[in-house]
Amino acid sequence: MTMREEILKGVRSVSPLPAVAARLAVLMRDRDVEIGTLVEAVQYDPGITARVIALANSARFGAGRQILTLKDSLVRIGLDELYRLVFFSSLAPVIRHPVEGYDLAIGQLWRHCVATGLAAEAVSEYHGNATGGGVAFTAGLLHDVGKLVMDSLSEDYFKQIEQKADQDDKPFDEAEREILGIDHTEAGAMVLEQWDFPAEMVDVVRWHHQPEKAAISPHLTSVVHVADMVAMMMGVGVGRDALGYRASPESLAAAGLNRQDVEVVALRMLGKLEAIEKKFKENGQ
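Computed from a predicted model, the values in this text were never measured in an experiment.

### Comments concerning empty space enclosed by the protein
One way to see where empty space is left: roll a probe the size of a water molecule over the atoms.
Alright, step 1. Tallied over the full model, the rule gives one cavity of 30 Å³ or more.
Alright, step 2. A volume near 80 Å³ is recorded for the largest cavity.
Alright, step 3. Considering the residues around the largest cavity, the lining is formed by 13 residues, among which His112, Asp144, Lys147, Met232 and Asp241 are closest to the centre.
Alright, step 4. Looking at the lining of the largest cavity, its residues break down into five nonpolar, four polar and four charged.

### Notes on helix α13 (residues 218–233)
Alright, step 1. Between its terminal C-alpha atoms α13 stretches 22 Å, which fits the 22 Å expected from 16 residues at 1.5 Å a residue.
Alright, step 2. Looking one or two residues beyond α13, the residue adopting positive phi is Gly235, at roughly 75°.

### What about the packing of helix α11 (residues 184–194) against helix α12 (residues 199–207)?
Alright, step 1. Put simply, α11 and α12 touch, their axes get as near as 7 Å, and they point 165° apart. Classified by the angle their axes make, α11 and α12 are roughly antiparallel. At the point where α11 passes α12, the crossing takes the right-handed sense. Contacts from Thr185, Glu186, Gly188, Ala189, Leu192 and Glu193 of α11 reach α12 at Met201, Val202, Val205 and Arg206.
Alright, step 2. For the contact of α11 with α12, the residue count by class is five nonpolar, two polar and three charged.

### Points about the environment of Gln194
Alright, step 1. Note that Gln194 resides in helix α11.
Alright, step 2. What makes Gln194 partly exposed here is its relative accessible area of 34%.
Alright, step 3. In this structure, the C-alpha to C-alpha distance between Gln194 and Leu17, residues 177 residues apart in sequence, is 9.3 Å.
Alright, step 4. Residues contacting Gln194, with those up to four places away along its chain left out, are Val11, Arg12 and Val14.
Alright, step 5. Separated by 3.4 Å, the side chain of Gln194 and the backbone oxygen of Val14 make a polar contact.

### Notes on the packing of aromatic side chains
Alright, step 1. Scanning the model with the defined rule gives seven aromatic pairs in all.
Alright, step 2. Ring centres 5.8 Å apart and planes at 55° place the aromatic pair Phe87 and Phe197 in the tilted group. With Phe87 in helix α5 (residues 70–95) and Phe197 in the loop between α11 and α12, this residue pair connects regions lying 110 residues apart in the sequence.
Alright, step 3. By relative accessible area, Phe197 is classed as buried at 6%.
Alright, step 4. Between Phe88 and Trp110, the aromatic rings sit 6.0 Å apart at their centres with planes inclined by 65°, giving edge-to-face as the arrangement. Of this pair, Phe88 sits in helix α5 while Trp110 sits in helix α6 (residues 108–126); the two residues are 22 residues apart in sequence, bridging distant segments of the chain.
Alright, step 5. Assessed through its relative accessible area of 13%, Phe88 is described here as buried.
Alright, step 6. Lying over the aromatic face of Phe137, Arg84 brings its terminal NZ or CZ to 5.8 Å of the ring centre.

### A few points about the nonpolar core
Alright, step 1. Leu24, Leu82, Phe87, Leu192, Trp195 and Phe197 are the most contacted members of the largest nonpolar core, which has 93 residues in total.
Alright, step 2. Ranked by residues supplied to this core, first place goes to α5 with 13 residues.
Alright, step 3. Not counting chain neighbours up to four residues away, the residues in contact with Phe197 comprise Leu17, Ala25, Phe87, Leu142, Leu192 and Val202.

Reading the values: the criteria
Residues numbered from 1 in each chain as written. Predicted model: local features only at pLDDT ≥ 70, side-chain atom pairs only at ≥ 80, totals over all residues. Heavy atoms only, no water. 1 Å grid on protein atoms, 1.4 Å probe; cavity = no way out; pocket = protein on both sides within 12 Å on 5 of 7 lines; lining within 4 Å. Points joined across faces, edges and corners; volume = space filled by probe spheres on them. Nonpolar A, V, L, I, M, F, W, Y, C, P; charged D, E, K, R; others polar. Helix = DSSP H or I, 4+ residues; strand = E, 2+ residues; numbered from the N terminus. Expected span 1.5 Å × (residues − 1). Axes fitted to C-alpha atoms, helices over the stretch in contact; angles between N-to-C directions. Parallel < 35°, antiparallel > 145°, perpendicular 65-115°, else oblique. Left-handed = near helix turned anticlockwise from the far one by under 90°. Contact = heavy atoms within 4.5 Å. Buried < 20%, exposed > 50% of the residue type's maximum accessible area, 1.4 Å probe, protein only. Polar contact = N/O pair within 3.5 Å; in protein donor to acceptor, adjacent residues only side chain to side chain. Phe/Tyr/Trp six-rings, centres within 6.5 Å; stacked < 30°, edge-to-face > 60°. Lys NZ or Arg CZ within 6 Å of the ring centre and 35° of its normal. Core = buried A, V, L, I, M, F, W, Y, C linked by side-chain atoms within 4.5 Å.

Structure, rendered in C-alpha coordinates:
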(Lines give C-alpha, C1' and ligand atoms only; values in the text may rest on other atoms or scores of the structure.)
Protein backbone atom coordinates (compact mmCIF):
# COMPACT_ATOMS: atom_id res chain seq x y z
CA MET A 1 0.00 0.00 0.00
CA THR A 2 1.40 3.41 -1.00
CA MET A 3 1.49 6.30 1.43
CA ARG A 4 -1.21 8.03 -0.59
CA GLU A 5 -3.46 4.97 -0.25
CA GLU A 6 -2.71 4.83 3.49
CA ILE A 7 -3.72 8.47 3.91
CA LEU A 8 -6.89 8.00 1.88
CA LYS A 9 -7.75 5.13 4.22
CA GLY A 10 -7.32 7.60 7.09
CA VAL A 11 -9.69 10.05 5.39
CA ARG A 12 -12.40 7.40 5.26
CA SER A 13 -12.01 6.74 9.00
CA VAL A 14 -12.57 10.38 10.03
CA SER A 15 -15.58 10.73 12.33
CA PRO A 16 -18.68 12.27 10.73
CA LEU A 17 -19.57 15.87 11.48
CA PRO A 18 -22.63 16.39 13.71
CA ALA A 19 -25.83 16.34 11.66
CA VAL A 20 -26.72 19.98 12.36
CA ALA A 21 -23.34 21.18 11.06
CA ALA A 22 -23.59 19.02 7.96
CA ARG A 23 -27.06 20.41 7.21
CA LEU A 24 -25.95 24.01 7.73
CA ALA A 25 -22.97 23.42 5.44
CA VAL A 26 -25.45 23.00 2.61
CA LEU A 27 -27.57 26.01 3.63
CA MET A 28 -24.80 28.47 4.41
CA ARG A 29 -24.23 29.74 0.86
CA ASP A 30 -27.84 30.82 0.51
CA ARG A 31 -28.06 34.30 2.04
CA ASP A 32 -31.83 34.26 1.48
CA VAL A 33 -32.49 31.03 3.37
CA GLU A 34 -35.71 31.20 5.37
CA ILE A 35 -35.68 31.28 9.16
CA GLY A 36 -38.02 28.29 9.26
CA THR A 37 -35.48 26.21 7.32
CA LEU A 38 -32.73 27.14 9.80
CA VAL A 39 -34.96 26.33 12.77
CA GLU A 40 -35.66 22.92 11.26
CA ALA A 41 -31.94 22.29 10.81
CA VAL A 42 -31.00 23.26 14.38
CA GLN A 43 -33.98 22.46 16.62
CA TYR A 44 -33.25 18.78 17.25
CA ASP A 45 -29.80 19.47 18.69
CA PRO A 46 -30.45 20.59 22.30
CA GLY A 47 -26.88 21.69 22.92
CA ILE A 48 -26.75 23.99 19.88
CA THR A 49 -30.28 25.27 20.56
CA ALA A 50 -29.33 26.19 24.13
CA ARG A 51 -26.19 28.02 22.96
CA VAL A 52 -28.12 29.96 20.30
CA ILE A 53 -30.78 31.13 22.77
CA ALA A 54 -28.13 32.02 25.37
CA LEU A 55 -26.20 34.02 22.78
CA ALA A 56 -29.33 35.88 21.68
CA ASN A 57 -29.99 36.89 25.30
CA SER A 58 -26.39 37.96 26.00
CA ALA A 59 -25.26 41.54 26.53
CA ARG A 60 -23.51 41.35 23.17
CA PHE A 61 -26.87 41.61 21.43
CA GLY A 62 -28.19 44.35 23.66
CA ALA A 63 -30.23 42.12 25.95
CA GLY A 64 -33.64 43.87 25.75
CA ARG A 65 -36.65 41.61 26.08
CA GLN A 66 -35.87 38.03 27.01
CA ILE A 67 -36.02 35.59 24.11
CA LEU A 68 -37.18 32.04 24.74
CA THR A 69 -37.60 30.54 21.26
CA LEU A 70 -35.07 29.35 18.72
CA LYS A 71 -36.79 31.24 15.91
CA ASP A 72 -36.66 34.60 17.70
CA SER A 73 -33.05 33.91 18.68
CA LEU A 74 -32.03 33.32 15.07
CA VAL A 75 -33.74 36.54 14.00
CA ARG A 76 -31.73 38.44 16.61
CA ILE A 77 -28.26 36.94 16.06
CA GLY A 78 -28.36 36.48 12.27
CA LEU A 79 -26.87 33.95 9.86
CA ASP A 80 -23.19 34.65 10.39
CA GLU A 81 -23.37 34.25 14.16
CA LEU A 82 -25.29 30.99 13.75
CA TYR A 83 -22.71 29.53 11.37
CA ARG A 84 -19.85 30.67 13.57
CA LEU A 85 -21.38 29.17 16.70
CA VAL A 86 -22.32 25.83 15.13
CA PHE A 87 -19.04 25.14 13.36
CA PHE A 88 -16.95 26.39 16.26
CA SER A 89 -18.82 24.09 18.67
CA SER A 90 -18.73 21.13 16.29
CA LEU A 91 -15.05 21.32 15.37
CA ALA A 92 -13.47 22.42 18.65
CA PRO A 93 -13.37 18.86 20.12
CA VAL A 94 -11.86 17.53 16.86
CA ILE A 95 -9.00 20.00 16.46
CA ARG A 96 -7.96 20.63 20.07
CA HIS A 97 -5.72 17.58 20.49
CA PRO A 98 -1.96 17.63 19.68
CA VAL A 99 -0.84 17.17 16.07
CA GLU A 100 2.66 15.89 16.67
CA GLY A 101 3.64 15.36 13.03
CA TYR A 102 3.42 19.10 12.43
CA ASP A 103 4.99 19.83 15.84
CA LEU A 104 1.77 21.34 17.18
CA ALA A 105 1.22 20.91 20.92
CA ILE A 106 -2.24 20.37 22.39
CA GLY A 107 -4.57 23.20 21.41
CA GLN A 108 -2.18 24.76 18.88
CA LEU A 109 -3.96 23.54 15.75
CA TRP A 110 -7.19 24.80 17.32
CA ARG A 111 -5.61 28.23 17.97
CA HIS A 112 -4.29 28.47 14.43
CA CYS A 113 -7.58 27.41 12.83
CA VAL A 114 -9.63 29.79 14.99
CA ALA A 115 -7.16 32.61 14.31
CA THR A 116 -7.37 31.97 10.58
CA GLY A 117 -11.16 31.92 10.77
CA LEU A 118 -11.22 35.22 12.66
CA ALA A 119 -8.73 36.79 10.25
CA ALA A 120 -10.75 35.56 7.25
CA GLU A 121 -13.85 37.08 8.80
CA ALA A 122 -12.01 40.38 9.33
CA VAL A 123 -10.62 40.38 5.77
CA SER A 124 -14.05 39.62 4.35
CA GLU A 125 -15.67 42.46 6.27
CA TYR A 126 -12.85 44.99 5.98
CA HIS A 127 -13.97 46.52 2.69
CA GLY A 128 -17.54 45.28 2.83
CA ASN A 129 -16.87 42.32 0.54
CA ALA A 130 -19.84 40.24 -0.57
CA THR A 131 -18.66 37.04 1.14
CA GLY A 132 -20.45 36.69 4.47
CA GLY A 133 -18.30 36.89 7.57
CA GLY A 134 -19.71 33.62 8.92
CA VAL A 135 -18.87 31.77 5.70
CA ALA A 136 -15.35 33.22 5.69
CA PHE A 137 -14.89 32.27 9.36
CA THR A 138 -15.99 28.70 8.67
CA ALA A 139 -13.69 28.38 5.66
CA GLY A 140 -10.77 29.62 7.72
CA LEU A 141 -11.64 27.35 10.63
CA LEU A 142 -11.65 24.32 8.31
CA HIS A 143 -8.63 25.12 6.16
CA ASP A 144 -6.12 22.81 7.91
CA VAL A 145 -8.44 19.92 8.78
CA GLY A 146 -6.33 17.68 6.51
CA LYS A 147 -3.50 17.85 9.03
CA LEU A 148 -5.55 15.64 11.34
CA VAL A 149 -5.36 12.86 8.75
CA MET A 150 -1.70 13.42 7.86
CA ASP A 151 -0.74 13.29 11.54
CA SER A 152 -0.94 9.49 11.39
CA LEU A 153 2.35 9.46 9.43
CA SER A 154 5.57 8.47 11.14
CA GLU A 155 8.06 11.13 12.23
CA ASP A 156 10.47 9.88 9.52
CA TYR A 157 8.13 11.04 6.77
CA PHE A 158 7.85 14.51 8.24
CA LYS A 159 11.63 14.75 8.48
CA GLN A 160 11.90 13.81 4.80
CA ILE A 161 9.31 16.44 3.86
CA GLU A 162 11.07 19.09 5.93
CA GLN A 163 14.44 18.26 4.37
CA LYS A 164 12.96 18.28 0.86
CA ALA A 165 11.40 21.69 1.43
CA ASP A 166 14.64 23.13 2.85
CA GLN A 167 17.07 21.63 0.35
CA ASP A 168 15.02 22.36 -2.77
CA ASP A 169 13.55 25.65 -1.49
CA LYS A 170 10.02 24.33 -2.03
CA PRO A 171 6.79 25.23 -0.23
CA PHE A 172 6.01 22.64 2.46
CA ASP A 173 2.82 21.43 0.75
CA GLU A 174 4.71 20.83 -2.52
CA ALA A 175 7.30 18.76 -0.63
CA GLU A 176 4.43 16.79 0.93
CA ARG A 177 3.08 15.93 -2.51
CA GLU A 178 6.47 14.84 -3.81
CA ILE A 179 7.22 12.58 -0.84
CA LEU A 180 3.73 11.20 -0.19
CA GLY A 181 1.75 11.67 -3.42
CA ILE A 182 -0.73 13.85 -1.50
CA ASP A 183 -0.67 16.91 0.75
CA HIS A 184 -2.74 18.11 3.70
CA THR A 185 -4.86 20.41 1.49
CA GLU A 186 -6.03 17.53 -0.73
CA ALA A 187 -6.61 15.34 2.32
CA GLY A 188 -8.64 18.14 3.91
CA ALA A 189 -10.72 18.61 0.77
CA MET A 190 -11.52 14.90 0.79
CA VAL A 191 -12.61 15.09 4.43
CA LEU A 192 -15.01 17.92 3.56
CA GLU A 193 -16.38 15.93 0.63
CA GLN A 194 -16.98 13.04 3.01
CA TRP A 195 -18.83 15.46 5.30
CA ASP A 196 -21.00 16.55 2.31
CA PHE A 197 -19.80 20.15 2.33
CA PRO A 198 -20.61 22.32 -0.69
CA ALA A 199 -18.10 22.27 -3.55
CA GLU A 200 -17.22 25.94 -2.88
CA MET A 201 -15.89 25.14 0.60
CA VAL A 202 -14.04 22.04 -0.63
CA ASP A 203 -12.38 24.23 -3.26
CA VAL A 204 -11.17 26.70 -0.63
CA VAL A 205 -9.61 24.02 1.57
CA ARG A 206 -8.00 22.30 -1.44
CA TRP A 207 -6.33 25.43 -2.80
CA HIS A 208 -5.71 27.69 0.21
CA HIS A 209 -1.94 27.50 -0.42
CA GLN A 210 -2.34 27.90 -4.19
CA PRO A 211 -5.27 30.30 -4.49
CA GLU A 212 -4.61 30.96 -8.16
CA LYS A 213 -5.81 27.39 -8.87
CA ALA A 214 -9.21 27.82 -7.18
CA ALA A 215 -11.91 27.36 -9.82
CA ILE A 216 -15.12 27.65 -7.79
CA SER A 217 -14.43 30.15 -5.00
CA PRO A 218 -11.40 32.22 -6.06
CA HIS A 219 -12.25 35.24 -3.91
CA LEU A 220 -12.99 33.25 -0.74
CA THR A 221 -9.86 31.16 -1.34
CA SER A 222 -7.78 34.34 -1.58
CA VAL A 223 -9.36 35.61 1.65
CA VAL A 224 -8.48 32.39 3.50
CA HIS A 225 -4.97 32.35 2.00
CA VAL A 226 -4.32 35.86 3.31
CA ALA A 227 -5.90 35.00 6.68
CA ASP A 228 -3.71 31.90 7.02
CA MET A 229 -0.61 34.00 6.33
CA VAL A 230 -1.74 36.61 8.88
CA ALA A 231 -2.16 33.93 11.56
CA MET A 232 1.29 32.51 10.80
CA MET A 233 2.83 35.98 10.63
CA MET A 234 1.51 36.67 14.14
CA GLY A 235 2.89 33.33 15.39
CA VAL A 236 -0.46 31.85 16.31
CA GLY A 237 -0.43 28.06 16.43
CA VAL A 238 2.51 27.63 14.08
CA GLY A 239 4.31 24.31 13.68
CA ARG A 240 7.18 22.85 11.72
CA ASP A 241 5.69 23.94 8.39
CA ALA A 242 5.02 27.58 9.35
CA LEU A 243 7.94 29.07 7.43
CA GLY A 244 7.52 26.70 4.50
CA TYR A 245 4.83 28.61 2.59
CA ARG A 246 4.86 31.59 0.28
CA ALA A 247 2.34 34.38 0.39
CA SER A 248 0.52 35.19 -2.82
CA PRO A 249 0.68 38.93 -3.70
CA GLU A 250 -2.22 38.34 -6.10
CA SER A 251 -4.40 37.11 -3.22
CA LEU A 252 -3.64 40.22 -1.20
CA ALA A 253 -4.79 42.33 -4.15
CA ALA A 254 -7.85 40.11 -4.71
CA ALA A 255 -8.84 40.58 -1.08
CA GLY A 256 -8.54 44.35 -1.56
CA LEU A 257 -5.85 44.84 1.09
CA ASN A 258 -2.56 46.66 1.35
CA ARG A 259 0.12 46.14 4.02
CA GLN A 260 -1.47 48.65 6.38
CA ASP A 261 -4.84 46.90 6.03
CA VAL A 262 -3.19 43.57 6.92
CA GLU A 263 -1.90 45.10 10.16
CA VAL A 264 -5.43 46.20 11.05
CA VAL A 265 -6.78 42.72 10.26
CA ALA A 266 -4.07 41.13 12.42
CA LEU A 267 -4.92 43.36 15.40
CA ARG A 268 -8.65 42.63 15.04
CA MET A 269 -7.92 38.91 14.88
CA LEU A 270 -5.70 38.95 17.98
CA GLY A 271 -8.29 40.90 19.96
CA LYS A 272 -11.09 38.47 19.13
CA LEU A 273 -8.84 35.43 19.70
CA GLU A 274 -7.90 36.70 23.15
CA ALA A 275 -11.58 37.13 24.03
CA ILE A 276 -12.44 33.61 22.84
CA GLU A 277 -9.55 32.03 24.74
CA LYS A 278 -10.54 33.94 27.89
CA LYS A 279 -14.10 32.65 27.55
CA PHE A 280 -12.88 29.06 27.16
CA LYS A 281 -10.69 29.36 30.28
CA GLU A 282 -13.58 30.80 32.28
CA ASN A 283 -15.72 27.83 31.22
CA GLY A 284 -12.95 25.39 32.18
CA GLN A 285 -12.52 24.12 28.62
